[in-house]
Amino acid sequence: MKKIIKVKSLIGIVAMSCCFLNLPAQTPKSYTSSEILLQLKKLNVLGSVLYIAAHPDDENTRLLAYLANEKLYRTGYLSLTRGDGGQNLIGDEQGVDLGLIRTQELLAARRVDGAEQFFSRAFDFGFSKSPEEALRIWGHDKILSDVVWVIRKFKPDVIISRFPTTGEGGHGHHTASAILAEEAFDAAADATKFPEQLKYVSVWQAKRLLWNTFNFGGNNTQRDDQLKLDCGDYNPILGKSYGEIAATSRSMHKSQGFGVPGQRGSILEYFKTIKGEAPKNDLMDGVDLSWKRLDKYFNCGNSQEPNRVIKPISIEIKGEKIFYEKPEALIPVLVQYYELLAEAKNLCKETSKFTEADYWVDKKITEIKSIIENASGLFMEAVANTQYAVQGDSLKVTLTVNNRSGANILSADAQIDTTYVIFDQLKKNTNAVKNYTWFIQPDTKLTQPYWLENQKEKGSFNVDDQLKIGKAENDPLSVNFSMMIEGKEFVFTKPLVYKYTDPVKGELYEPVNIITPAFIGSSPSLVLLNSAVKNQTKSINFVVQANKIITDSVKLIYNKNDIDVTAFNDLSSFAKSEKKNFTVPFSNTGLNENDPLTVNGIFAVKNILQKQLVGQRKINYDHIPDIVYNYVDPVKIINLDLKTVGNYAGYIPGAGDKIPEALEQMGYKVVTLKESDITPNNLRQFDVIVTGVRAYNTNDWMANVYDALMQYVKEGGVLFTQYNTNNFISSVKSKIAPYPFTISRNRITDEEAKVNFLIPDHKALNYPNKITPKDFDGWIQERSIYNAENADTAYKKILSMKDPGEKEQEGSLIIANYGKGRFVYTGLVFFRELPAGVPGAYRLFANLIANKRVKYIK
């Protein structure tokens, strides 16, 4: 049975993100006929929705998938932060590193659900209990300007906030995101607000602002009188329901442990109107979603043709079989549309710059070009022979074009840097390959996430380029492929990639990065010196890696107390990729107690570099592309009065932290323990056992070793347990302690909160270090998280503290004697404070793990 598919006029987002297959994150996407059909259907829809919340994983992935693929709206998610301040379930990355991971996880989620991703410059500084604190630390006007900017660029018809302004979202960041969404709804339409943006965009008034109410965490904000939308539909083109798509999307948030099962069946979403005209039947009530909304702009003529009117032509595809088997048959008609819209843009450019006509025509030109590429089966690829392009060195690039369907495509070329590479005549399904050697100029800009180019503030990143604000990531290093299709020139931009084949994972793709001729790194990142030991000396190891051949005078300099000290100055040659180690001794002579000293290595090569070199940090996980960025790699040296009791520590890894490194700096020998290592006989050698953060959440086998750990404590050992979570996302399934207590969600977010000593004479505050209130100076981000409550009377509560306006909390540190030993549970954030080199945190930590009951066995 034949079917006529009519695509009348144009507009809608190309479904480039509709992957729906669990492919490696780096693999380029190709499109089936059914997915191309969805792209065609979207060409008829002129509607857009912007969803706003505070963090990665705050978004409603089911709603985003439904809006992008069922309603066919251009759909975006603006996350104010990159999630830098959260916890990490898959590794030990924190802060900026975690934000980079969560940025890529959000992009992976958007590749699944079909929405687009945006960010403001706000930094996730950790849990906040009030929107006032969040907006003060972020900088209210700075982040409001970012939200206004994204609205003016994206031009949403409807804005949806995840959270209300009244606090039901629980987190101060959540409430602040709702406040900013409400303020930006009006400010985006006001030409007096952030007028500097109007060089690039026009003001924009969305039709309405809605709150997507929720029922989770014991808080039901949904009401029968709210607008309802069933988002559980099944999409036969994609072969999945939106609940299934949403589950795959949400499960990309792997660092947060947010893997969820797919849902099927009717699922209602609820909406409350916050600003604008309240909808009665649909989110888009009162919004014209057709090309008619642009009629007034199409009557825009010019001096030669003042009455010229641009009207779209309808596309008819006759024969379902023809479409599915030969989507390239669409190309001649799509090229006509492309030319029509290009003409419309030229005719209207003087009178409709930055208007919705200019906006939609640009979007549709891009989308039609993508559909032409997808329907033709056109393959274009630029592959480098290495993942790293070095300033002042050459990079070999292989360029490939294949006209797989035999469409009417002629005379291809590729522009790489300023050079054009000409291909021979394209033959059907035949690879046309050209090789090019690209010299990377010495002053080529290094690859660096744009928000990390400048020094950040406590609550926000500093970005100088207005046009970069809001973008999820940098534009990749790219190559432009140009060719004639149906007599019309098209230019397609493709990222330069490095690809290789893993014997297990198959073919993998990674981005190419511009790097310096040499890296300098240092280790360890933190050196503890004991002020009680005169002239104590420890070494710093500087590692220099040449990324190209270097034969010249090499000088290694380090900076100490703002004075440059030469550690090495000699003629030294480096082969490409060669590493050389330089060990520099440091003593505590002349160092002030508790006053950190930062040491930076400087590597100078004559005629190449006379400046401080950066190190390179690489973050690698299977579910996201490799993350590479440059950073200055300093060493922090701390000279403190630190006494320790004990020598040998066992460490049970959890979600990831840097406690083992801290223990080693304190003088402990550290052994990482697996399940098979945790036996009564083996544990007797350790003075202390430390569990990593969330060890009981991430290791299912902890229940199997409970008895062995309790016997260890009973015989005289110290078991030091860092925080775990116990909620609907991640729960503790085994016993932790000798006596009962529960893990709450209580926390102290004010890192400067006053700390009260409940039992001043307790050993934890006196042995072997005398703890005073000064030991809580200089803590970062927060005091404690996931504190204990409902603790058995066997526990001693050592400290109390509170956030402003709240009652004192006493569950941040509880200690119980058990047999001859000691059990400690703490929500105090040692996993943040110790790597940051906070002196008082080391002194308190040393007391909590101190133990001389167990004989040290080598």
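Residues numbered from 1 in each chain as written. Predicted model: local features only at pLDDT ≥ 70, side-chain atom pairs only at ≥ 80, totals over all residues. Heavy atoms only, no water.

I tried to follow helix 17 (residues 839-849) on my own but got confused; where do I start?
Every α-helix carries 3.6 residues per turn, so stepping three or four residues along brings you back to the same face. With eleven of eleven residues buried, helix 17 lies mostly within the body of the structure. Listed as buried for helix 17 are Pro-839, Gly-840, Ala-841, Tyr-842, Arg-843, Leu-844, Phe-845, Ala-846, Asn-847, Leu-848 and Ile-849. (Buried < 20%, exposed > 50% of the residue type's maximum accessible area, 1.4 Å probe, protein only. Helix = DSSP H or I, 4+ residues; strand = E, 2+ residues; numbered from the N terminus.)

Looking at this structure, how should I read the pattern of salt bridges?
Any two side chains of opposite charge can pair, given that their charged atoms come close. One pass over the structure, following the stated rule, counts 35 salt bridges. Notably, a salt bridge pairs Lys-207 with Glu-277, separated by 3.6 Å at the nearest N-O pair. Residue Lys-207 is found in the loop between helix 6 (172-187) and strand 6 (208-213), and its partner Glu-277 is found in the loop between strand 12 (268-276) and helix 8 (295-298); the two are separated by 70 residues along the sequence. For Glu-277, a relative accessible area of 45% puts it in the partly exposed group. Here Glu-381 ties to Lys-499 by a salt bridge, and the two come within 3.1 Å at their closest N and O atoms. You can see Glu-381 sitting in strand 14 (residues 378-384) and its partner Lys-499 sitting in strand 21 (residues 488-502), a full 118 residues away along the chain. (Salt bridge = Lys/Arg side-chain N within 4 Å of Asp/Glu carboxyl O.)

Is there a simple way to think about the pairing of strand 37 (residues 718-721) in this case?
Look at any regular strand and the pattern is simple: side chains alternate between the two faces of the sheet. Every second residue of strand 37 is oriented toward a common face, with Val-718 and Phe-720 on one face and Leu-719 and Thr-721 on the other, all of them buried. Bridge count between strand 37 and strand 44 (residues 821-826): four bridges; the pairing is parallel. For Thr-721, the partnering residue across the bridge sits in strand 44 and is Tyr-825. (Pairing = 2+ DSSP bridges.)

Which parts of the structure should I look at to understand the sheet that holds strand 24 (residues 518-523)?
Hydrogen bonds between backbone groups are what pair the strands of a sheet, and the pairing can be parallel or antiparallel. One open sheet accounts for three strands, arranged 24-26-29; its pairing is antiparallel. Both outer strands of the open sheet, strand 24 and strand 29 (579-587), are each paired with one neighbouring strand and no more. Strand-to-strand twist in this sheet, taken as the mean axis angle between neighbours without regard to direction, amounts to 20°. Pairing analysis gives six bridges linking strand 24 to strand 26 (residues 537-546), with the strands arranged antiparallel. Looking at the pairing, Gly-521 lines up with Val-543 of strand 26. (Axes fitted to C-alpha atoms, helices over the stretch in contact; angles between N-to-C directions.)

Sorry if this is basic, but what is going on with helix 6 here?
Across its 16 residues, helix 6 extends 22 Å between first and last C-alpha, which sits within 8% of the 22 Å expected from 1.5 Å per residue. Of all the 16 residues making up helix 6, 13 are buried; the element is thus mostly covered by neighbouring parts of the structure. (Expected span 1.5 Å × (residues − 1).)

I tried to follow the nonpolar core on my own but got confused; where do I start?
The tendency in soluble globular proteins is for nonpolar side chains to be buried side by side. By size, the foremost hydrophobic cluster in this structure holds 54 residues, and its most contacted members are Leu-399, Phe-481, Met-483 and Ile-485. Ranked by residue count, the leading element in this core is helix 11 (residues 356-376), at nine residues. With sequence-adjacent residues up to four places away left out, Leu-399 is seen in contact with Glu-381, Ala-382, Ala-414, Val-421, Phe-423, Ala-432, Val-433, Lys-434, Val-479 and Phe-481. Grouped together as the second largest cluster of nonpolar side chains are 48 residues, Leu-100, Ala-134, Val-147 and Phe-154 included. (Core = buried A, V, L, I, M, F, W, Y, C linked by side-chain atoms within 4.5 Å. Contact = heavy atoms within 4.5 Å.)

I would appreciate a short explanation of the pairing of strand 32 (residues 627-631) in the present structure.
Among the five residues of strand 32, five are classified as buried, and the element is accordingly described as predominantly covered. Side chains Ile-627, Tyr-629 and Tyr-631 of strand 32 all project onto a buried face; the interleaved residues Val-628 and Asn-630 project onto the opposite face, where all are buried too. In the sheet, strand 31 (residues 615-619) pairs with strand 32 via five bridges, with the strands oriented antiparallel. Residue pairing for strand 32: Arg-617 is matched across the bridge by Tyr-629.

What's the story with the side chain of Thr-826 in this structure? I'm lost.
Mapped onto the elements, Thr-826 comes out in strand 44. Since its relative accessible area comes to 1%, Thr-826 is described here as buried. A polar contact of 2.8 Å, which involves the side chain of Thr-826, links it to the backbone oxygen of Ser-812. If we ignore the near neighbours within four places in the chain, the residues touching Thr-826 are Phe-720, Thr-721, Gln-722, Tyr-723, Ser-812 and Leu-813. (Polar contact = N/O pair within 3.5 Å; in protein donor to acceptor, adjacent residues only side chain to side chain.)

Honestly, the confidence of the model for the chain in this entry has me stumped. Any pointers?
Fine structural detail should not be taken from predicted coordinates in areas where pLDDT scores are low. Within the chain, residue pLDDT values average 87, and 88% of them lie at 70 or more. Considering only residues more than four positions removed or in separate chains, one finds that residues 301-317, a stretch of pLDDT under 50, has 42 contacts. Low pLDDT (under 50) marks residues 854-858, which in the prediction has 13 contacts with non-local residues, meaning those over four places away or in another chain. (pLDDT = per-residue confidence, 0-100.)

Would you take a moment to explain the packing of helix 5 (residues 140-154) against helix 6 for this structure?
Packed helices, taken two at a time, are described by the angle their axes make and the gap between the axes. Orientation of helix 5 relative to helix 6, taken along the N-to-C sense of each, is 60°, at an axis distance of 9 Å. On the basis of the axis angle, helix 5 is oblique to helix 6. Where helix 5 crosses over helix 6, the handedness of that crossing is right-handed. The residues of helix 6 that touch helix 5, namely those facing His-140, Ile-143, Leu-144, Val-147, Val-148, Ile-151 and Arg-152, are Leu-180, Glu-183, Ala-184, Phe-185 and Ala-187. (Parallel < 35°, antiparallel > 145°, perpendicular 65-115°, else oblique. Left-handed = near helix turned anticlockwise from the far one by under 90°.)

I tried to follow unusual backbone geometry on my own but got confused; where do I start?
Apart from glycine, the bulk of residues carry a negative phi angle, and the bulk of peptide bonds sit in the trans form. With an omega of -5°, the peptide bond running from Ser-523 to Pro-524 counts as cis. Structurally, Pro-524 is set in the loop between strand 24 and strand 25 (526-530). In this structure, Pro-768 follows Tyr-767 across a cis peptide bond, with omega equal to 0°. Positionally, Pro-768 belongs in the loop between strand 39 (756-757) and strand 40 (788-789). Although it is not a glycine, Asn-535 sits at a positive phi angle of roughly 55°. In this fold, Asn-535 is placed in the loop between strand 25 and strand 26.

Which parts of the structure should I look at to understand the sheet that holds strand 34 (residues 648-652)?
Here seven strands make up an open sheet; going across it, the order is 35-34-36-37-44-43-41 and the pairing mixed. Looking at strand neighbours, the two that pair on one side only are strand 35 (669-672) and strand 41 (796-797), the edges of this open sheet. Where strand 43 (residues 813-818) meets strand 44, six bridges bridge the pair, whose relative direction is antiparallel. Paired with Ala-816 across the bridge in strand 44 is Phe-823. Of the strands in this sheet, strand 34, strand 36 (688-691), strand 37, strand 43 and strand 44 are in contact with helix 15 (residues 706-714), which crosses strand 37 at around 125°. Strands strand 36, strand 37, strand 43 and strand 44 of the sheet are contacted by helix 17, whose axis makes an angle of about 135° with strand 37.

Whenever I open this one, the environment of Val-361 confuses me. Can you help?
Along the chain, the position of Val-361 falls in helix 11. Separated by 67 residues in the primary sequence, Val-361 and Leu-294 place their C-alpha atoms 9.6 Å from one another.

What is the right way to look at the packing of aromatic side chains in this model?
Aromatic rings in a pair are described by how distant their centres are and how their planes are angled relative to each other. Within this structure, the stated rule accounts for 30 aromatic pairs. Between the aromatic rings of Phe-741 and Tyr-795, the centroid separation amounts to 5.7 Å while the plane-to-plane angle is 85°, which identifies the pairing as edge-to-face. Pair noted here: Phe-741 is in the loop between strand 37 and strand 38 (742-743) and Tyr-795 is in the loop between strand 40 and strand 41, with a separation of 54 residues, a long-range link. With a relative accessible area of 14%, Phe-741 lands in the buried category. A relative accessible area of 5% places Tyr-795 in the buried class. (Phe/Tyr/Trp six-rings, centres within 6.5 Å; stacked < 30°, edge-to-face > 60°.)

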